Every structure is written in C-alpha cells, then in structure tokens.
Amino acid sequence: MPMNQVRLRRLRMMLNHPFTTSFGSLQEKEFFITEVLDDNGGRGFGESVAFTSPWYSEETVETNHHVIKDFLIDLLRENTINHPDDVTDVFKPIKGHPMAKSALEGAVWDLYAKQKDIPLAEALGGTKQNIEVGVSIGIKPNKNDLLQTIDHHIREGYKRIKIKIKPGWDYEVLKDVRKHFPDIPIMADANSAYTLEDIDHLKKLDELNLMMIEQPLAHDDIVDHAQLQASLTTPICLDESIHSLADTRKAVELESCEIINIKIGRVGGLTEAKRIHNYCREQGIQVWCGGMLEAGVGRAHNIALTTLPQFVLPGDTAGSSLYWNQDIITPEVTVSNGMITVPDKPGIGYFIDDDALESFSVSVETFYL
Ligand code: OSB
Ligand code: MG
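Residues numbered from 1 in each chain as written. Chains lettered and ligands numbered in written order. Predicted model: local features only at pLDDT ≥ 70, side-chain atom pairs only at ≥ 80, totals over all residues.

Helices and strands together make up the secondary structure of the chain, namely 12 helices and 15 strands. Taking 2.2 N^0.38 as the reference for a compact globule, 369 residues should give roughly 21 Å; the C-alpha atoms of the chain span a radius of gyration of 20 Å, in line with that estimate. A principal-axis box enclosing the C-alpha atoms of the chain has dimensions of 60 × 40 × 35 Å. Burial analysis of the chain (369 residues in total) assigns 50% to the buried set. Sequence-distant contacts, at least 24 apart, represent 71% of the contacts inside the chain between residues at least 6 apart. (Helix = DSSP H or I, 4+ residues; strand = E, 2+ residues; numbered from the N terminus. Rg over C-alpha atoms; globule rule 2.2 N^0.38 Å. Buried ≥ 20, exposed ≤ 12 C-beta atoms within 10 Å, placed from the backbone. Contact = placed C-beta atoms within 7 Å.)

Another aspect to go through is the pairing of strand β6 (residues 161-164). What you see with β6 is no split at all: Ile 161 and Ile 163 on one side and Lys 162 and Lys 164 on the other are buried throughout. Note: strand β5 (residues 135-137) against β6, 3 bridges, orientation parallel. From the neighbouring strand, Ser 136 faces β6, where its bridge partner is Lys 162. When β6 meets strand β7 (residues 186-189), the two strands line up parallel, connected through 4 bridges. When the sheet's bridge partners are listed, Ile 163 is paired in β7 with Ala 188. (Pairing = 2+ DSSP bridges.)

Let's shift gears to the packing of helix α9 (residues 245-253) against helix α10 (residues 270-283). Packed helices, taken two at a time, are described by their axes: the angle between them and the distance between them. Two elements in contact, α9 and α10, have axes separated by 9 Å at closest approach and are oriented at 25 degrees. With respect to α10, the axis of α9 lies roughly parallel. Crossing of α9 against α10: the hand is right-handed. Between α9 and α10, the contacting residues are Leu 245, Thr 248, Arg 249 and Val 252 on the first element and Glu 272, Arg 275, Ile 276, Tyr 279, Cys 280 and Gln 283 on the second. Of the residues in the contact of α9 with α10, the class split is 5 nonpolar, 2 polar and 3 charged. (Axes fitted to C-alpha atoms, helices over the stretch in contact; angles between N-to-C directions. Parallel < 35°, antiparallel > 145°, perpendicular 65-115°, else oblique. Left-handed = near helix turned anticlockwise from the far one by under 90°. Nonpolar A, V, L, I, M, F, W, Y, C, P; charged D, E, K, R; others polar.)

Before going further, it helps to examine the site of ligand 1. For ligand 1, the full set of nearby residues is Thr 21, Tyr 56, Ser 136, Asp 189, Asn 191, Asp 239, Gly 290, Gly 291, Met 292, Leu 293, Asp 316 and Ala 318. Across the shell around ligand 1, the residue classes break down as 4 nonpolar, 5 polar and 3 charged. (Near = placed C-beta within 6 Å.)

When the domains of the chain are assigned, the result is domain 1 (5-118 + 351-368) and domain 2 (123-341). Mapped onto the side of domain 1 that touches domain 2, the elements with two or more residues apiece are β1 (5-21), β2 (24-37), β3 (43-47), α2 (85-90), α3 (98-116), β14 (351-352) and α12 (354-360). Examining the composition of the side of domain 1 that touches domain 2, we find that 10 residues originate from one element, α3, more than from any other. Classifying every residue of the side of domain 1 that touches domain 2 gives 22 nonpolar, 10 polar and 7 charged. (Domains from an automatic or database assignment.)

We now examine the UniProt feature "domain: Mandelate racemase/muconate lactonizing enzyme C-terminal" (unreviewed entry) in the chain. Within the UniProt annotation, "domain: Mandelate racemase/muconate lactonizing enzyme C-terminal" (unreviewed entry) is assigned to residues 143-235. Overall, residues 143-235 shows 41% helix and 11% strand. The separation of its end C-alpha atoms is 25 Å. (UniProt positions renumbered as here; feature names shortened; annotations may be inferred.)

Pairing within the open sheet is antiparallel, and its 4 strands lie in the order β3-β2-β1-β15. Each end of this open sheet is capped by a strand with a single partner; those strands are β3 and β15 (361-368). Strand after strand, the sheet turns through a mean of 25 degrees between neighbouring axes, direction not considered. Along the sheet face, helix α1 (residues 61-78) touches β1, β2 and β15 and points at about 15 degrees away from the line of β2.

Moving on to the environment of Asp 316. With respect to the helices and strands, Asp 316 occurs in the loop between α11 (296-306) and β12 (329-330). Residues Asp 316 and Asn 302, spaced 14 residues apart in sequence, show a C-alpha to C-alpha distance of 9.1 Å. If sequence neighbours within four positions are ignored, Asp 316 has contacts with Gly 134, Ser 136, Lys 162, Cys 289, Gly 290 and Gly 291.

Encoded structure:
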C-alpha cells in the first residue's frame, strides 16, 4: 500500500484530575501521535499509550522514541506492506516494545482504511454499530469521594464501574461500595499490587459479587494467577501479563484467568489484538477493551476494535470529557446511556483537530519512507 512519510509528534496534555493507581499518580500526560502519509494527501493516525515512567510496563515515551526512530521506521522503509497485517511480521525482528510498534501499526491501519474509503471498524471485520462502555475510577483520597464519583458515573449511564485497588484500599472500601450500590456491575483492578501471600485476604472479595478482579498478581506472571484463580470464585482478568496471542494461549491453557483485557498498545497493535480476539472467541473466553487514558486517536482505535463480536463486556473507553477539557479529535467521543455510537466515516472516523494537535505539540519529526 502506498505510504511515503512518517510524522512523529510528541504531545503534552493535562488530565482534568489526577488518576491514581496502585503504581502511582498521573496528571500530566506526554505521548506520541504518529502519522503515516501517502502521495494523495491521505493521513493515517496512531497513538502511543506508553507513559513517561515505566510503572505499568517497561516501555516509556523515551523508549518509544528510540525504537520508532532507530528501528521501526527503517523496517517500514525496507519492506513491502501490502496490508496492515504485514506490519506485525515486518516488526517481528524487534523484541518487545509493543506500544512503540502499535503506535505505527495503528497509523498504517487508519491510512489503509482511508485509502479503501471504509471505516476502520469494517476494515478490522467489526460489525457492532454501538459499543458498551464502563468507567475506571482511580484510588481516591477517601471513601466518600469514591462513593460520590461512582454515583455521578452511574447517573451518567456508564454500564459498569471499575475501581482501582491496592493493599489498604480494597476489601473494606469495596464492601462499602457494594452496600451503597447493591446491584451495579462492579469490578476491581489491582495493577499487580498483590502476591500469593495475600491469597486469604483476596478470597474475602468473593463475597462482594464482583464481575472480575483485574491483574491481582505480578505484571509478568501467568503461573501464580492459575493458583489464585483456583482458590477464588471471582473471575480473574489478565491485563499487564498478556502481550501476545502466545501469552493468551498459555493463560487459557493454565486456567490463569477467565477473562482477558485486550489493550491494543500492550499487545503490539490491532492485528495481534484481532488474533487474540479470534482465539478467545474459539475458546469461549470473554474479552473487553482496556484503556490507557488515551486522547481521541487512541480512543477511536479502541472503539473500532470493540466492534468485533467477542468484546462482550463493557470496555474502559469513557467519553473524551472524562479526562480532557479539549480533545485532539472532532467531534469528541461522547457516551450516552453507557453507549458509544461507532462512527461511519472512513478510517478512525473522527477528524483530527490540527489546531489542537499543534497547541499540545512539544516536538515534531518527519521521516521519509
Ligand atoms: O490498568 O487498566 C489499567 C490507566 C492507566 C494505566 C493502566 C490502567 C488504566 C485504567 C484507565 O484503568 C483506563 C482508561 O480510562 O483509559
Ligand atoms: Mg488494568
């Protein structure tokens, strides 16, 4: 497929409010927007979900820069890409760095769909016209604050509430939440804050009727989660541990989890995300689309992926206004009654607000293919 240029743009945007997880707190977001261009004025966009610190996984904004600039762009230049699926194979010699790979691969997918004049969702094989979403709530200074935030989002219509937990902010807090909201779908995300020594403590969560507990144990573990899952009735969902279809197969075969959170960036791109989705569909494993506090471009990719049929649980793609006063796409992503209407325009289906993009830019580099 024709492409002649890559633009690598570093952005800095402030979140509306700090977002706190078991690994730390974030309010300023720095990340890359990638752009792949063709001779006809076509522009495909991708977004990297790496943070400035290696808190969630090993990758950072700086490692993204190094790997994209010094390796991945060369591979795009030296190889023939007939279809976006080829990008995953072309990037294979580079070990790891899934978020860097995904940032470029996503832009190639968007450009491909625009060249074909079809929505990205359709290019991926998705069929849903509306997708269900929930909201992820960070660790709050106190319980009252958490209860009020939940109440607000339930009134907005979100389909399920995810609550970040860590030792000292878990069972007692969730018990209170359950008491105030006896019927709402609730899940907890530990971001790998526990070990097998906490097994008796984690078992207490079984009485709270949670949809799932996300990534309770180490970020790189698949084996210990199998032992934990065998002692819990609450389904475990893996996030951090899953980087590929191969990881997914191991987790499913070892019964380390019952549910998989698919994040495009964490698994190296849309093609690998689709492969994981297809495998989970065959195996009867439920999946949902996770979030990384993305701006509009990343959100648009999440929405397109979620149109695939095995995304049977609400994702973390909340509306733009949850985190941003101004997004980089128009229209912004809006959520109504917990649903997002999938755009029907070509590619990611939203326009890029070039003025906003420019105003948040810290640097722009151009590379020729
Ligand atoms: O573990 O899902 C996670 C945010 C940053 C890093 C990791 C995670 C999250 C979220 C927020 O839960 C999801 C979102 O709203 O984008
Ligand atoms: Mg998570």
